[in-house]
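The chain contents come next:
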Amino acid sequence: MWIVAIAWMFVVMLMTVAEAVSPVGSVLGAIVTFFLYGVGPLALVMYLLGTPMRRQARRAKEAAEDAQASRAVEPDAGGLPPSDTVTPERKEA
């Protein structure tokens, strides 16, 4: 994936240089060419191609958080129902 991005930017740089040094071209045209043919489309393609990796990283992070939350020990997390902590008083008859 990176080799395609590097090759595309090389081609765009050649187009930019050709635009800048051409007798009918301009530096402003070269800058527009660089951003509209190079940076913009490449950023979009790299973002779209990186979506599965971002999704996988997000799921791994959520799984780690869930595992950490399930390991957290709470005072009454022994699986027993809550009980009174105050001992009941007996009434004397």
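Above this text is the structure in question.
What you see is a predicted model, and the numbers here were worked out from it, not measured in a lab. In this convention, every chain numbers its residues from 1, walking through the sequence in written order. Given that the model is predicted, a residue must reach a pLDDT of at least 70 before its local features are reported, and side-chain atom pairs must reach 80 or more before they are shown or counted; all residues, however, enter totals for whole chains, interfaces and linings. The basis for every side-chain value is the complete set of non-hydrogen atoms in the structure, without hydrogens or water.

Draft legend 1. Region of the structure containing the pattern of salt bridges. Any carboxyl oxygen of Asp or Glu within 4 Å of a side-chain nitrogen of Lys or Arg constitutes a salt bridge here. Evaluated as defined, the whole model comprises 1 salt bridge. The partner of Glu62 in a salt bridge is Arg58, with the nearest N and O atoms 4.0 Å apart. Taken together, the residues span about one helical turn, with Glu62 and Arg58 both in helix α3 (residues 51–71) at a distance of 4 residues. Of the residues examined, Arg58 reaches a relative accessible area of 48% and is grouped as partly exposed. By the criteria applied, helices consist of DSSP H or I runs no shorter than four residues and strands consist of E runs no shorter than two, each listed in order from the N terminus. Throughout this description, buried means an accessible area under 20% of the type-specific maximum (1.4 Å probe, protein chains only), exposed means over 50%, and partly exposed covers the range between.

Draft legend 2. Inspection of a nonpolar patch on the surface at higher detail. By definition, no residue in a patch forms a salt bridge, and every one has over 30% relative accessible area; like charges are joined within 9 Å, nonpolar side chains (Val, Leu, Ile, Met, Phe, Trp, Tyr) within 5 Å. Exposure was quantified through the Shrake-Rupley algorithm and a 1.4 Å probe, taking into account, for residues, occlusion by the shown protein chains and nothing else. Where nonpolar side chains cluster on the molecular surface, the patch consists of Met1, Trp2, Ile6, Val45, Leu49 and Met53 and spans about 650 Å² of accessible area. Mapped onto the fold, Met53 is located in helix α3. Overall, Met53 belongs to the partly exposed group, its relative accessible area being 49%.

Draft legend 3. Structural view of the side chain of Thr33. With respect to the element layout, Thr33 can be found in helix α2 (residues 27–49). Accessibility expressed as a relative area gives 10% for Thr33, which makes it buried. Reaching out from Thr33, the side chain makes a polar contact with the backbone oxygen of Gly29 at a distance of 2.7 Å. Any N or O atom pair separated by 3.5 Å or less is treated as a polar contact, with the protein-specific requirement of one donor-capable and one acceptor-capable atom, and with residues adjacent in sequence counted only for side-chain atom pairs.

Draft legend 4. Expanded view of the packing of helix α1 (residues 2–21) against α2. Helix axes use the C-alpha atoms of the stretch in contact, all axes being lines fitted to C-alpha atoms, and the angles between their N-to-C directions lie in the range 0 to 180 degrees. Two elements in contact, α1 and α2, have axes whose closest approach is 8 Å; the angle formed by their N-to-C orientations is 170°. Between α1 and α2, the angle is such that the two are roughly antiparallel. Mapping the contact onto sequence places Trp2, Ala5, Trp8, Met9, Val12, Met13, Met15, Thr16, Glu19 and Ala20 in α1 and Gly29, Ala30, Thr33, Phe34, Tyr37, Gly38, Val39, Leu42 and Met46 in α2. The nonpolar class holds Ala, Val, Leu, Ile, Met, Phe, Trp, Tyr, Cys and Pro. Asp, Glu, Lys and Arg form the charged class, and all remaining residues, Gly among them, are polar. Of the residues assigned to the contact of α1 with α2, the class counts are 14 nonpolar, 4 polar and 1 charged. Convention used here: angles under 35 degrees read as roughly parallel, angles over 145 as roughly antiparallel, angles from 65 to 115 as roughly perpendicular, and any remaining angle as oblique. The contact criterion used throughout is that any non-hydrogen atoms of two residues lie within 4.5 Å.

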